[in-house]
Every structure is written in structure tokens, then in C-alpha cells.
Amino acid sequence: MNRTEVVEIVNQFLIEEFEIDPAVISEDAQFIDDLDIDSLDFVDIVVIVEKHFKFKLTAEDLSKMPDLRRFYDFITAKVNA
Amino acid sequence: MRRVVITGTGIYSTIGTNLDEVRNSLFVGKSGIGIDPFRKELGFMSPLTGIIAPPDLKQILHRKLRKGVSEQGEYAYMATLEAMAQAGVDLEYFEKNEVGILFGNDSSTTPVIDAYNKIIEKKDTSLVGAGSIFQSMNSTVSMNLSVILKLRGVNFTVSAACASGSHAIGLAHMFISQGMQDMIICGGAQEINAFSMGSFDGIGAFSKRIDQPTKAVRPFDRDRDGLVPSGGAAALIVESYESAQKRGAKILAEVLSYGFSSNGDHLSVPNVSGPQISLERALKMANLSAKDVDYVNAHATSTPVGDSNEAQAIFNVFGGKTPISSTKSMTGHEMWMGGASEIVYSILMMHNDFIAPNINFNNPDEFSAQINIIPQTIHKNLNIILSNSFGFGGTNSSLIIKKG
């Protein structure tokens, strides 16, 4: 799976599952400040990532990814490892 | 003691999803009962159930606020919005004034089953998801509505089986009459999914009259053969008389008293003396005699023993003249919700001058022949009514309300 496909899947679940306005989704968007993702949402992100990409994010993983760019990069690397 | 009044009502039920629809259904004696094919697949002894269309909250409630809302919480949210609109209160009012919430609810099955299945499948609790815990608890309705509405007063759920909603209103009466709260959002909510009713079906309590779903619930009728589970939610804005006066709110009804008792007897089989004590306590607290009551909304669920015993208790207290009907003949048994919804139904009758029928009452039995059951809608001015709610474990609640 290439990065473009990962971006497409992630953006789709952010829009559909988290009802985030597509206009605020960008590579630089911050989970907390721009996407309004809170601690409970991070729990659901772990569930949805496992569903779509078949691996489990840890709290430590998430703490290293404050923005979508690093999130896309991390998932792309993980699914192609 | 301060006077306690009701200024708002809301309903989301199997006979209508707003007050107007429900008033019309009550008037014409419309049944909300049908067949659930899924229950047949699951081997239920009875596939009969109340049929309800779930609301679409996606358009009206933000995802973060929906996350913890269970099936019955969705019904409760819709009913509460309607009650708030009728009472003329909104989020701004709740921000400026301390308002509480007391809701009746006694189960939340689907989220528990979903979490169980996920844990078994994944062997990892972190993959259950964030909403599950907030949907799973009995307090899910009061928990979620208090956050959605930003309530800062008393906040808890009353779990008292099929009397939950009635006790919730009774406790609101206590809090407000004692001056501890000025306004409380009250109600009852009931999930309607098949799994929530599987174990209840398993004890053989449900009607098997599957060839005639709308005739299955026949409280007090000689040929009744069990209840039909149902659900939805009802909500009421209960406040002190002074609070309503200050707001200039229209008073729909006054809660005169809250009678209660426990049978101290059997898990599922009701008796006569427990309900009778509840009825008598309600009358005594309201300083009324039986002849002052214009109508009794019976608990009667259509079970052979329960209806007989309630008929005896009613006869012992009221004699044979007071008009009686069980709206469960139309709605089915709304269980945790019933004690609240039946107050809403009674208020609708009071303000539209009719008594809703006890449909399917064709032939009395030995005990129901002694009381005045109303089989067809009658026009009648109602000033004071009493509503009974009884539940497993022998919990009893009787509310007396007066037209505002």
C-alpha cells in the first residue's frame, strides 16, 4: 500500500467516522488543535487503524504523531514493513 | 412542602414519536405491536414486540456527544428535546440555573454484548472502543443527557425494574418539594432490541398470540396470555410551582403525591397487598379519598396473575366505579420507561378531555369484572388521575397528578 492510498483511507475515516470537516484536513493539521481529537477519540483511532490496517497503535506511537503528516508516514511505513 | 408541577412533556414511542402523534394514537386506540422476524430466527418463544423507528441523531447531535449514547439514550434525547421545547427551557437556561436529571433505566444490553464479542475476538480490551463503557452502564441515559445538556443539579439513574420511570418522577417530587432542587428533567427509557429481551422471553412471560399482534396485549381480559415487550422514552420537566410561576411557564399538571411500597415476597409474582399499600399511601399523602380520583392508569401488563392482583388492589381501594384503563394494551409493556410514559399519556388525556381505551378488553375475568375498565375511548373531563407502576422484586410506585 502506498502513501497516497493510506492518506485516502485515513482521510475517509476522519470524515466519515469522526465527522471532521474535509476543509481542515491537511498534512499539517494537528490532531488536538485542528481536528479537535480528544483522549477518547484517540481510543477510537486505535480501533479504526486496527480495522483498516491490521496493526495496533500504542499510546507511545500516538504521542509521537501530533500531526497528520507524521500519522500518514507512520502508517505507510508500518503497513509496508 | 413546596408544590411540584410539570411544565414539559416529551415522548418517543411505538404509538408515535411526538406528542401529537401519540395523542391521536391514544384517542383512536392504535396498537404499536408487531412481529420481529429476527426473534423468530433466534428461537424466541414470542417474536411479538413494540415496533419503533430509531431517530437519526447524526444531523442534530455532534459525534462527541453521540459517542456514549445507547439505543434507549437516543429515544430519551428526542423525548427530552420535545419536553424542553414545551416547557420553554433551553441550554442557556441550564447554564444560568441549576437543573437536575433523574431518569429510569434498568438495562443496556447491546453495548455489553458488543464489548464481550470484541474482547473474545481480539483478546485485547483496547480494541473495544471508547463509547462502549458509556453506553453499557445502567446510568447511560442520565450520564449522557447531563453532559449533552450541561446539567449541574442532582444526576442519577433510578433502576427499579418496570417501576423505574415512576420512581424517578416520585424522587423528583421529593427533591423539589423539600426545596433541594428547583427543576429536574425526569423520564424513563427502554431499549427494544431483541437481545435485551431474550432472557425475559425465556421465562415464558410474553404473549404467544402471534397470529394477531395488535390483539396480543389484552390487559384484564379473560383470555390474556402474557405481556409484549416494548420501549422508547418519555421525558418530563418537573419543577417547583414558584419556578414555573417565575418563568411564566404553562403548568400542565401538578404532582400531588408519590406512593411506594415493596411486596417483600417473590421475584416475579406480584401480590395484592404491596400495590394496595402503594395506592393508599399515594392517596393519604395527597390528602385525597378514592372518590376524588377521576381515572386510574393501571400498570396491567396483560399477564394472568399480575392483572388479577392489580384488579383486586384497585377494587379494594377504589371500588367499582372509578374508570380504569391500561395504555399498555396499545403500547405494549414499556418497562423502565412505562412509569414516565404513562404520566405523559395521562397528561395528554387530561388536556384533551378523554380516557384512552383499554383495547382488546372483550371479556372480564373474576376480578376485572369488579372494576370499571374502559374498553373504548370516552370523553371525560379529568382533573385528578393516579398512575400505577410495579416491577420485579415487588417494587411498587403510584403517582397522583392534578391537571394544571
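Owing to the predicted nature of the structure, the values given are computational and were not obtained by experimental measurement.

Attention shifts here to the interface of chain A and chain B. By a widely used convention, the size of an interface equals the accessible area lost when the partners come together. Taken together, the contact between chain A and chain B spans eight residues of the former and six residues of the latter. Broken down by class, the residue content of the side of chain A that touches chain B amounts to five nonpolar, no polar and three charged.

In this section: the nonpolar core. In terms of nonpolar packing, the biggest core is built from 102 residues, with Ile184(B), Leu236(B) and Val238(B) touching the most fellow members. With nine residues, helix H4 (residues 71-87) of chain B is the single largest residue contributor to this core. Apart from residues lying up to four places away in sequence, Leu236(B) is in contact with Ile6(B), Gly8(B), Thr9(B), Ala83(B), Ile169(B), Cys186(B), Gly187(B), Ala340(B), Ile343(B) and Val344(B). Listed in part, the 12 residues of the second largest apolar core include Leu14(A), Ile45(A), Val49(A) and Leu57(A).

Let us now look at the sheet that holds strand S7 (residues 232-240) of chain B. Residues and elements named next belong to chain B. Spatial strand order, S5-S4-S6-S7-S1-S8-S15-S14-S9-S10-S12: 11 strands in an open sheet with mixed pairing. Lying at the two open borders of the sheet, with one neighbouring strand each, are strand S5 (155-158) and strand S12 (372-373). The strands touched by helix H12 (residues 273-285) within the sheet are strand S8 (253-262), strand S14 (384-391) and strand S15 (395-403), with S8 carrying the most contacts at an inclination of about 145°.

A few words on the packing of H4(B) against helix H8 (residues 140-148) of chain B. All names here are of chain B. Put simply, H4 and H8 touch, their axes get as near as 9 Å, and they point 45° apart. With respect to their mutual orientation, H4 and H8 come out oblique. For H4 against H8, the interelement crossing comes out right-handed. Contacts between H4 and H8 involve Gln72, Gly73, Ala76, Tyr77 and Thr80 from the first element and Thr140, Val141, Asn144, Leu145 and Ile148 from the second.

Residues and elements named next belong to chain A. In a regular helix each residue adds 1.5 Å, so 15 residues correspond to 21 Å; helix H2 (residues 39-53) covers 21 Å between its end C-alpha atoms and thus fits that length. Listing the buried residues of H2 in full gives Asp41, Ile45, Val46, Val47 and Val49. On its buried side, H2 packs onto helix H4 (68-79).

Every other side chain in a regular strand lies on the same face of the sheet, so the side chains alternate between the two faces. Residues and elements named next belong to chain B. The element S8 is extensively covered by neighbouring structure, given that eight of its 10 residues are classed as buried. Both S8 and S15 contribute to a ladder of nine bridges, which runs antiparallel. Within S15, the residue paired with glycine 259 across the bridge is serine 398.

Residues and elements named next belong to chain B. For phenylalanine 220, which is not a glycine, the phi torsion comes out positive at approximately 70°. Relative to the elements of secondary structure, phenylalanine 220 occurs in the loop between helix H10 (194-202) and S7. Judged by the 29 C-beta atoms lying within 10 Å of it, phenylalanine 220 falls in the buried class. Although it is not a glycine, aspartate 353 sits at a positive phi angle of roughly 55°. For aspartate 353, the position within the fold is in the loop between helix H15 (338-352) and strand S11 (354-355). In this structure aspartate 353 comes out as exposed when scored by C-beta crowding, with 12 C-beta atoms within 10 Å.

Right, let's get into helix H13 (residues 304-318) of chain B. Residue and element names in this part refer to chain B. Here H13 contains 15 residues, and its C-alpha end-to-end distance of 21 Å stays within 8% of the 21 Å for a straight helix at 1.5 Å per residue. Extensive coverage of H13 is indicated by the burial of 11 of its 15 residues. Against H12, strand S9 (295-297), strand S10 (323-325) and S14 lie the buried residues of H13. One or two steps after H13, the chain reaches glycine 319, where phi turns positive at roughly 75°.

Glancing now at the environment of Val10(A). Residues and elements named next belong to chain A. The residue valine 10 is located in helix H1 (residues 3-16) in this model. The class for valine 10 is buried, based on 21 C-beta atoms found within 10 Å. Along the backbone, valine 10 and valine 49 are 39 residues apart, and their C-alpha atoms lie at a distance of 8.4 Å. What valine 10 contacts, discounting residues up to four positions off in sequence, is Phe71, Tyr72 and Ile75.

Rules used throughout
- Residues numbered from 1 in each chain as written.
- Chains lettered and ligands numbered in written order.
- Predicted model: local features only at pLDDT ≥ 70, side-chain atom pairs only at ≥ 80, totals over all residues.
- Contact = placed C-beta atoms within 7 Å.
- Nonpolar A, V, L, I, M, F, W, Y, C, P; charged D, E, K, R; others polar.
- Core = buried A, V, L, I, M, F, W, Y, C linked by C-beta atoms within 7 Å.
- Buried ≥ 20, exposed ≤ 12 C-beta atoms within 10 Å, placed from the backbone.
- Helix = DSSP H or I, 4+ residues; strand = E, 2+ residues; numbered from the N terminus.
- Pairing = 2+ DSSP bridges.
- Axes fitted to C-alpha atoms, helices over the stretch in contact; angles between N-to-C directions.
- Parallel < 35°, antiparallel > 145°, perpendicular 65-115°, else oblique.
- Left-handed = near helix turned anticlockwise from the far one by under 90°.
- Expected span 1.5 Å × (residues − 1).

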